Structures are given as C-alpha cells and as structure tokens.
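One letter stands for each residue in the lines below.
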Amino acid sequence: MLLRCAAPVWLAAVLYVSSSVADGVVHPVAVADPHRKDLFTTSDQCAVCHLTAVGAKAMRNAEGEDVSPYATWQATMMANSFRDPYFHAQLQKETAAAGEQVQELCLRCHAPMLHHENLLAGKPAPRLADAAGDVFADDGVSCTVCHLMDGANFGKEESFSGRPTFNKDRRIFGPFANVATRPMQMHVDYTPVHGPHVQQAALCATCHTLTTEHQGTPFKEQTPYLEWRNSEFSNEREGADPAKTRTCQQCHMPRSAPTRIARNPMGRDFRIPEREGYAVHGFVGGNAFMLGLLRDHREELDVLAEPAQFDRTIAATKQQLAEATARLEITPLVRDGGALAFGVKVENLTGHKFPSGYPARRAWLHVQVRRGGEVVFESGAHDDKGRIVGVGDELAIAHPAVVTKASEAVVYEMVADGPDGAPTTYLTKMTRKRKDTRLLPRGWRTDGPHADVTAPIGVDGDADFTAGGDVAAFRVPLPPGDGPCEVRATLRYQPVPPAWVDALRGVEAEQAQRFVGWYDAADKTPETVATARRGES
C-alpha cells in the first residue's frame, strides 16, 4: 500500500517537501503483497518512521519545515522512474525496433526492485508485461534500492548499466555511525549499519553510466560519472583538492540543519541524537519539463505526489539550473568593417558535462544584437514548439567556429549516428558519436580517466572550447545605420527536444501516442540557465 502525502507543507527556496498524513501517523493498510518476503521493500514501509508527524520534531529544518526522506523523494524523477511517460514512449519505440530483450536493460534502473528481486530469486529478468501493476515497479528508485547496495563493485565497469551488488543478510546502509538498530529490526526486519559507501558518487554511477549495444557494437550512451571522474570535482582523483571536490550527492541532495532522521510509528520522537549533515532526498536535477508532465497527468499515471509537491520540485529544479549550472559573459564588442565581433563565454559550473546524462538533452545560445531598441541580428531564437529558428534539420546542426549568420546556432549537445551513418534517436541503434559539443567540466584533461569516451567531437577549429567551458565567437554583419550596439545572450536548456518527439510520431504503440499528445499540449518554453548583456563602450 503506497502512501500519498496530504496537505503539503514546503521548505522555501530550493528544497521541496510535503507534510505527513492527516493525524501525523502512518497507518499501513494490510493488503496482499506479493513481495512480502523479498529482500527489498516499498517506500511506504520506510515512511512509518521516515515521514514527519504532528507530534514529533524529527526531520524538520530550522524553520520547522518537513525534510523527511519519504516526503522529499515523492515528487522526484527517481520516485517516478517507472511512471515516467517519456520512458514508456521511448521504450515502446525501442522495443518495436530491437525486440523485447531491450526491456531488460531499461528496467534495471526504471524498475530496479522488481528486476533485482527477480534475479536474486533465480527468476528471469522481467519485461514490461511483468512490471505492469507491480508495486515494486511502481515504486521506482525506492529507498531500499540505494540503501541495500553493498558497494562491493562500485566504480567498476561491472557495476554500470544497473548492475550493483546487494547484501542478502538484510543489513541496510546509511551515512551515520552509532546507529540505533532495534526500531528497524522490529518493524521492517532490517539491521541499519554505518555504510559510508552510500555517500560515494559511484553509487549513482550504477545507473547513470549506461552502455547500449547495436549488433555487438557497444555505445556509451550516458557517462556523467565518467565525466566527473575526469574533473576537478572528483574526490577519486589522485591529488584532488578537497576544497574543490563534490560528489553527486553533495550537489543533488542539499544539506539540512541538524535533525533527528526518524520518529516512532506512533508519531512521537525517538530518543536518538540529531544528525549533522543530513542530506535531503530531493534529488534536484534539471528536468522541470517532465516533472510538469507528471504533475499535470498524475491521475492518469497514478502518481502519488500532490501537485503542490511537484510545483516546489519544479521551482527547485529551475533554481538550480539558473544559479548553479552555468555562467555567461560577453567579451568587449569590436567593430570590424561593417561587422560586429564579440565572444560569448560560457562557463560550466557542474561536475560533469552540461548537458549530461540522457542523450536527448541540449543547451544553446540565443544571441541578439540590438541597436536603438531594434534587433539587427539574432541567432538561436526558438518558436512555441521549442524548435530553434532557422537551423533546418535539428539533428544536423554543426558547431560553428565563428557565427556569421542567423542560420548558425551554437548548440551544446550529443548527436549519435546509427548503423546507416545517419543521425538517430533510437538508443539501440547508436553506434558512434557524430557530435559531442556538451560543455566539459573544469579540470577535464585529454590524458585523464575516460578521456577516450568523454572527449568532445565536432569542435575542430574552435580553440576556445576547453575544459570548463567555451567562448563562442561571433562576427555578424550590421545593417547601415548609426548608434551603439548592445549584445544580449541567453543560455537555453531543453531536456526533451522536438526532434526526439518527432521520432515517436510514427510509433503506433498507445503509450508513445499518448506522450506525443501530452507533449504537443504542454508549454515547451526552454529553460533559461544564464543571461548576459554588454554594450559598446
């Protein structure tokens, strides 16, 4: 019986949470549970103690707001990994092209409890038909997925693509020492132990490093962990500066004020100490668009989080994109004959490439040159369908060494070719990168770890595309006229570009067509990551 939180109460700014149930106590309902004797358990069982209650102070921040693990997790992409309608649409497309066997790879991370429980029990890996209506699948990347990982193969190739190892003696790991064991042993039959490995970036890498394959040809589809390893953010790097390193958890799980991290099932506080450095389970990412679709279609998708929870999650996501992702600066404007020359410096503030992860994601520069309030040049504008104006085929946008005309746009993205040498949005057909102009993290080196699979592609002739960012060069013709010019630059971001949805339009599967309809009806305004402006001096 999964729980829906009622009457949301939220933490201001970037953290987002919901309140406990009406009387402050979670009352599990007895239902037939096919997984009752399995290693994993659903999040509602954890919520019995890890959700706030009216009569307890535990899991509240300095302002008294709810920062409990269950509540902060509910409106995240992690919690809704299996409900994600884009996942289902894309998987139906891939299944039609490659057969049902591709579902095994995808369900490792989108329905991990069901997948791994089957393997641990000696059963075949599940397919979509097996996952439909299963509570383990519906619970997404749930509490026990991460907290039961034993870390034995962390950081190794054999752990990637959704292949972590789990302890089988019901020890459950957390970041704090001196743990009170009896409550969990009594209520959920787990023994909590100190496991500092849950704070390692390599835990996240088990799903966020993904290799696909086409007819025996492997392809590194997602590599944020490998990118991070070759950056100054990595604490695995020899000689790393502790003042500069940050793990995935440190960026995507904001820290709360000291608090007790559990209360008793009766809704009162345990006699346990407050913990310093408690990480809020909000998993703030960059996919505000999909969070909006989950909110707007929560009834059809059987989503448990309330609309207000998603609103705060979306606000947190937009804030992270706008404040902690990238920085823009425009270099001095120089007249060169009848043209205006300048550069737009883009600094990547993240610990991996930007964009990173799922290969659809792209960012680009929208640049205007204005004179007397009139736009005399524009590159990278977008229409109401989210398409970049004037570029033609959006899967064939070359990276310009110098932008000289409006039809050229600076787009930071990865585009892969299929076996026929043409760009593809089929993950199971990707065989090589045609283009990878995603911004490199600070400290990336050509001789660093995994440089062979994370190196940029298609930036030849652009000497300013370096570790930590890019300086996009512009030399644009000016029409006749007098008066000083001003340049305005905006870095846009889009997690689901129109070209990727166009590839779904011909897929007859119901879930693909449902997603296309929802996408077409949604607001497709790209996110604003950073802005800058500069006038002639």
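Our structure is the block above this text.
If you're wondering where the values come from, they're calculated on a predicted model, not measured in any experiment.

**Some thoughts on the state of the cysteines**
Here's step 1: Tallied over the entire structure, the rule returns 1 disulfide.
Here's step 2: A disulfide bridge connects Cys-109 with Cys-207, and the sulfur atoms are separated by 2.0 Å. Torsion about the S-S bond of the Cys-109 and Cys-207 cystine: about -100°, corresponding to left-handed handedness. Here Cys-207 lies in helix H10 (residues 201–208) and Cys-109 lies in helix H4 (residues 101–110), a separation of 98 residues in the sequence.
Here's step 3: In this structure Cys-109 comes out as buried when scored by relative accessible area, which is 16%.
Here's step 4: Cysteine Cys-49 remains unbridged, with the sulfur of Cys-46 as its closest cysteine sulfur at 9.4 Å.
Here's step 5: Free of any disulfide, Cys-143 has its nearest cysteine sulfur in Cys-46, 3.8 Å distant.
Here's step 6: With a relative accessible area of 22%, Cys-143 lands in the partly exposed category.

**A look at the nonpolar core**
Here's step 1: The biggest cluster of nonpolar side chains holds 37 residues, and the ones touching the most others in it are Phe-342, Leu-365, Val-369, Tyr-412, Phe-474 and Leu-491.
Here's step 2: Elements supplying a minimum of two residues to this core: strand E5 (326–330), strand E7 (339–348), strand E8 (362–371), strand E9 (374–379), strand E15 (469–477), strand E16 (485–494) and strand E17 (527–535).
Here's step 3: A total of 5 residues in this core trace back to one element, the largest contributor, which is E16.
Here's step 4: Beyond its immediate sequence surroundings of up to four residues, Leu-491 is in contact with Ala-326, Leu-328, Val-346, Phe-354, Ala-363, Trp-364, Leu-365, Tyr-412, Glu-527, Thr-528, Val-529 and Ala-530.
Here's step 5: By size, the runner-up hydrophobic cluster in this structure holds 36 residues, among which are Ala-131, Ala-137, Val-145 and Leu-148.

**Observations concerning the packing of H4 against helix H5 (residues 112–120)**
Each pair of packed helices gets described by two things: the angle between the helix axes and the distance between those axes.
Here's step 1: Packing of H4 against H5 leaves a shortest axis separation of 5 Å and a crossing angle of 115°. As judged from the angle between their axes, H4 and H5 are roughly perpendicular. Here Glu-104, Leu-107, Arg-108, Cys-109 and His-110 of H4 come into contact with H5, specifically with Pro-112, His-115 and His-116.
Here's step 2: Within the contact of H4 with H5, the residues separate by chemical class into 3 nonpolar, 3 polar and 2 charged.

**Let's talk about the pattern of salt bridges**
Here's step 1: With the rule as written, the count across this model stands at 29 salt bridges.
Here's step 2: Asp-189 is the partner of Arg-170 in a salt bridge, and the nearest nitrogen-oxygen pair spans 3.4 Å. Of this pair, Arg-170 sits in the loop between helix H8 (143–147) and strand E1 (171–174) while Asp-189 sits in the loop between helix H9 (182–187) and strand E2 (191–194), and the two are 19 residues apart along the sequence.
Here's step 3: For Asp-436, the salt bridge goes to Lys-353, with nearest N and O atoms at 2.7 Å. With Asp-436 in strand E14 (residues 432–436) and Lys-353 in the loop between E7 and E8, this pair connects stretches of sequence that are 83 residues apart. With respect to class, Asp-436 is no different from Lys-353; both count as buried.
Here's step 4: Overlapping salt bridges, with partners in common, bring together Glu-232, Arg-327, Glu-347 and Arg-442 in one network.

**Overview of the pairing of E9**
Here's step 1: Where E8 and E9 come together, 5 bridges link them in antiparallel fashion. By the bridge assignment, Val-367 is partnered in E9 with Ser-379.

**With respect to helix H18 (residues 510–521)**
Here's step 1: With 12 residues, H18 ought to run about 16 Å at 1.5 Å a step, and its terminal C-alpha atoms sit 17 Å apart, in line with that.
Here's step 2: When we look at burial in H18, the residues that qualify are Ala-512, Phe-515, Val-516, Trp-518 and Tyr-519. Within H18, the buried residues cover an arc of 165° as seen down the axis, which keeps them to one side. Facing away from the buried surface of H18 by more than 90 degrees, the exposed residues are Glu-510 and Ala-521.
Here's step 3: In this fold, the buried residues of H18 make contact with helix H3 (85–98), helix H13 (288–296), helix H14 (298–301) and helix H17 (498–502).

**Describing the packing of H13 against helix H15 (residues 307–323)**
Here's step 1: Interaxial distance between H13 and H15 falls to 9 Å at its minimum, and their mutual angle equals 175°. Considered as vectors, H13 and H15 are oriented roughly antiparallel to each other. Only Pro-307, Phe-310, Asp-311, Thr-313, Ile-314, Thr-317 and Lys-318 of H15 make contact with H13, whose side of the interface consists of Ala-288, Leu-291, Gly-292, Leu-294 and Arg-295.
Here's step 2: Taken together, the residues that form the contact of H13 with H15 break down as 6 nonpolar, 3 polar and 3 charged.

**Quick look at the environment of Glu-117**
Here's step 1: You can see Glu-117 is positioned in helix H5.
Here's step 2: Given the relative accessible area of 8%, Glu-117 is considered buried.
Here's step 3: Sequence-distant contacts of Glu-117, defined by excluding residues within four places in its chain, comprise Asp-38, Leu-39, Phe-40 and Phe-136.
Here's step 4: Of the polar contacts made by the side chain of Glu-117, one reaches the backbone nitrogen of Phe-40; its length is 3.1 Å.

**Thoughts on unusual backbone geometry**
Here's step 1: Between Phe-354 and the following residue, Pro-355, the backbone shows a cis peptide bond with an omega angle of -10°.
Here's step 2: Looking at the secondary structure, you find Pro-355 in the loop between E7 and E8.
Here's step 3: With phi around 55°, Asn-178 is a residue other than glycine that occupies positive phi space.
Here's step 4: Inspection of the secondary structure assignment puts Asn-178 in the loop between E1 and H9.
Here's step 5: The class of Asn-178 is exposed, set by a relative accessible area of 72%.

**What about the pairing of E7?**
Here's step 1: E7 sits mainly inside the fold: 7 of its 10 residues count as buried.
Here's step 2: Across 5 bridges, the pairing between E5 and E7 is antiparallel. Pairing of Glu-329 across the sheet is with Lys-345, part of E7.
Here's step 3: Direction of pairing for strand E6 (residues 334–336) relative to E7: antiparallel, over a ladder of 3 bridges. In the sheet register, Val-334 faces E7, and the bridge partner there is Ala-341.

Reading the values: the criteria
- Residues numbered from 1 in each chain as written.
- Predicted model: local features only at pLDDT ≥ 70, side-chain atom pairs only at ≥ 80, totals over all residues.
- Heavy atoms only, no water.
- Disulfide = S-S within 2.5 Å.
- Helix = DSSP H or I, 4+ residues; strand = E, 2+ residues; numbered from the N terminus.
- Buried < 20%, exposed > 50% of the residue type's maximum accessible area, 1.4 Å probe, protein only.
- Core = buried A, V, L, I, M, F, W, Y, C linked by side-chain atoms within 4.5 Å.
- Contact = heavy atoms within 4.5 Å.
- Axes fitted to C-alpha atoms, helices over the stretch in contact; angles between N-to-C directions.
- Parallel < 35°, antiparallel > 145°, perpendicular 65-115°, else oblique.
- Nonpolar A, V, L, I, M, F, W, Y, C, P; charged D, E, K, R; others polar.
- Salt bridge = Lys/Arg side-chain N within 4 Å of Asp/Glu carboxyl O.
- Pairing = 2+ DSSP bridges.
- Expected span 1.5 Å × (residues − 1).
- Arc of directions from axis to C-beta.
- Polar contact = N/O pair within 3.5 Å; in protein donor to acceptor, adjacent residues only side chain to side chain.

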